[in-house]
Amino acid sequence: MAPHRLHHLALLCLVCASLLCTAIPAGAAPPPRPLCDACGDTFESTAESHGVSVTVTHSNATVAVNNNGSATWVVHNRLSNSEGVARLRANESLRTAIADRAMWDTELLSANVSGDGVITLRYREVDFAERSVGGTVRTGEFTEAYGYRNLDGLGADRLVVVAPDGMRVGRSIDGATVSDDGQRMTLTELNDGRIVTFVPRDTAAGPLLSLLAVGTLLGPVMAMKALAYITLPAAVFTLLIGAAAGGVAWLDWDMERARDSAGIVFAVVGALAAALSILGATGVIRLGGIAAPLFGGGTALFVCGIALSQRRVRERTSYRTVVGGAVVGAGIALGATIVAAPMVVTTETTLPVSALLVLGPAFVLFPAGYAVGHGNRRLAMKTAAIGFVLSMLPVLPVLPAPFGLGVLFIPMATASAAAVAIAGLPIFLAGVSLGAPSSGR
C-alpha cells in the first residue's frame, strides 16, 4: 500500500479515537424526567421537598404552540389531602416556589388553587419548537435525542398539544389522537417518542413538508453518527482488504486455475454457514443474534454458488455484473435472515444491527476480490470502503446517539468488520479467481 494511503488511514483512526475520548465524558445523562414535570407524581415529589404533602388524583396538561416556536403550558392537578391543599391556597410564596421548581426549563406565569382542590399552573417555554422549511414548525420535545435526554413517559394522565394559529398537525406521535381539523393532538401515554411537525393548514404538501422538516434535523445527526460509528470500522475493513490484496500479489498464485471452483467455494461456505446457524438454533452452540444472519448469508452464498458453477455465467462476468450480483445476494441474505429470525434466539433490536454488520461487508468481499484479480488494487480498496459504508448506512437510524453507552458500538462494529474480513477470505479469493485474466480468452 502506498505510504500516503497509510497516512490517510492513520488520520482516520486518530479522528475516531478522539471522538471516542470526547464522547465518553458526555455520557452522564440527567435523571429520568417525564415530559410534564409539573404533573402527577413529580409534582407530588416537588411539593414534598418543600414540606407539603399532597396527592395528585388526576392531571392533565395543554400545550399551545406558537408560530415562533414558543409554547404555553397549562397544567391542572387535582389534589387530595385538605391540609396540604389549604397550605398551598393560603401561602402564595410557597405555592410559587413549588410551581417554579416543578417544571424545568420554563418560565412560571401563574399558580392558583381553586376551591375544589385543583391547582392550575401556567408556564411559558421559549424553545419548545422551531421554524423549519416551507413555513413548518417542528419540535423534538417528545424525543430523547432532540428534547429531554432521559425522557420518562408523559407525566400527565392526558396531554393535549394545540397547533399554532393557521397550522395543523403534520407528523404526530404514534398512538396519539388527532382532531378532525388537525389542530389538536391528544396523548394519554408516551412510549416511543418522535419529532412532531406542524404544517400550514391549507397546504396539500403537508407530508412532504413534514419529511423535509424532519430530514433537515436528522441530517447533521446522521452525519455525526456516520463519522463516529462507521469511520474506524471502515478503515479497518479497508486496511485488511488491502493487506489481503498485497498477500495475493506476494504469493503470486495462479488464480486462473481456481476460477472454475469459485461457485463450489461459495456453495460450500454458504452450506457451512447455514449449518452453523442451524446448530445455533437447536441449542448445540450459542450464537445469539448472529444465528439468523448466518443462515441468511449462507443461503445467499449457496444460491450464488449454484449460479457461478455455470460456465456461461462465469464467462460473462465483469466488475459491474459482480457488483450487481453482490447487491442481489445481500438482498437475498437479508430476506432469508428475516424469515429465519423466529427460529433462532434473537430480538427485534439486535437483528438489523447484527445482520447488517455481517451481511453487507461479507458480500462486499466478492467485488473487491474481483478487482484484485484484475490487478486493480485501488479499485478494490475503493470497493471495500464504499461498500462497507453503504452496508452500514441503513442501520444508523436505530443506533443511539454517539454519546455515553452509544460509543460501545464503535469497538463492536470494528471487531465485526475485522472478523468478517478475515473469516470471509474464501469469498474474497473466489472473487480474485473469477477476476483473474484468462489465457484462454
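Residues numbered from 1 in each chain as written. Predicted model: local features only at pLDDT ≥ 70, side-chain atom pairs only at ≥ 80, totals over all residues. Heavy atoms only, no water.

Another aspect to go through is the UniProt feature "transmembrane region" (unreviewed entry) in the protein. Here, UniProt's "transmembrane region" (unreviewed entry) annotation points to residues 226-251, 263-284, 290-309, 321-345, 351-372, 384-410 and 416-436. As annotated, residues 416-436 has a helix share of 90% and a strand share of 0%, and its two end C-alpha atoms lie 29 Å apart. (UniProt positions renumbered as here; feature names shortened; annotations may be inferred. Helix = DSSP H or I, 4+ residues; strand = E, 2+ residues; numbered from the N terminus.)

The end-to-end C-alpha separation of helix α9 (residues 319-340) is 31 Å, in line with the 32 Å expected for 22 residues at 1.5 Å each. For α9, the complete set of buried residues consists of Val322, Ala326, Gly329, Ala333, Ala336, Thr337 and Ala340. Along the axis of α9, the buried residues cluster in a sector spanning 100 degrees; they form a single face. Opposite the packed face of α9, turned more than 90 degrees from it, sit the exposed residues Arg320, Val327, Val328, Ile338 and Val339. (Expected span 1.5 Å × (residues − 1). Buried < 20%, exposed > 50% of the residue type's maximum accessible area, 1.4 Å probe, protein only. Arc of directions from axis to C-beta.)

Moving on, we come to the sheet that holds strand β6 (residues 137-139). Spatial ordering of the open sheet is given by β5-β6-β11-β8, a layout of four strands whose pairing is antiparallel. Each edge of the open sheet is held by one strand with a lone partner, namely β5 (130-131) and β8 (167-171). The pairing of β8 with strand β11 (residues 196-200) spans four bridges and is classified as antiparallel. Counted as the bridge partner of arginine 168 is valine 199 from β11. (Pairing = 2+ DSSP bridges.)

By the definition in use, this model includes three aromatic pairs. Both rings, one in tryptophan 73 and one in phenylalanine 128, keep their centres 6.3 Å apart while their planes meet at 80 degrees; by these two values the pair is edge-to-face. Of this pair, tryptophan 73 sits in strand β2 (residues 71-80) while phenylalanine 128 sits in the loop between β4 (118-125) and β5, and the two are 55 residues apart along the sequence. Overall, the relative accessible area of 0% leaves tryptophan 73 in the buried class. Through a chain of ring-to-ring contacts, three or more aromatic side chains come together here, namely Trp73, Phe128 and Phe142. (Phe/Tyr/Trp six-rings, centres within 6.5 Å; stacked < 30°, edge-to-face > 60°.)

Let us look at the side chain of arginine 138. When you line up the elements, arginine 138 lands in strand β6. Given the relative accessible area of 11%, arginine 138 is considered buried. In this structure the side chain of arginine 138 is engaged in a polar contact, spanning 3.3 Å, whose partner is the side chain of serine 132. A polar atom in the side chain of arginine 138 sits 2.6 Å from the backbone oxygen of alanine 213. Those residues within four positions of arginine 138 in sequence are excluded, and the remaining contacts are Ala129, Glu130, Ser132, Ile195, Val196, Thr197, Ala213, Thr216 and Leu217. (Polar contact = N/O pair within 3.5 Å; in protein donor to acceptor, adjacent residues only side chain to side chain. Contact = heavy atoms within 4.5 Å.)

Read from one edge of the open sheet, seven strands run β3-β4-β2-β1-β7-β10-β9, paired in mixed fashion. Looking at which strands have only one partner, the edges of the open sheet turn out to be β3 (107-113) and β9 (177-178). Here six bridges tie β3 to β4, and the two strands are oriented antiparallel to one another. Bridge pairing links serine 110 to arginine 122 in β4. Of the strands in this sheet, β1 (55-65), β2 and β4 touch helix α2 (residues 40-49), which is tilted by about 110 degrees from β1. Against the sheet, helix α4 (residues 92-102) touches β3 and β4, its axis set at about 130 degrees to β3. (Axes fitted to C-alpha atoms, helices over the stretch in contact; angles between N-to-C directions.)

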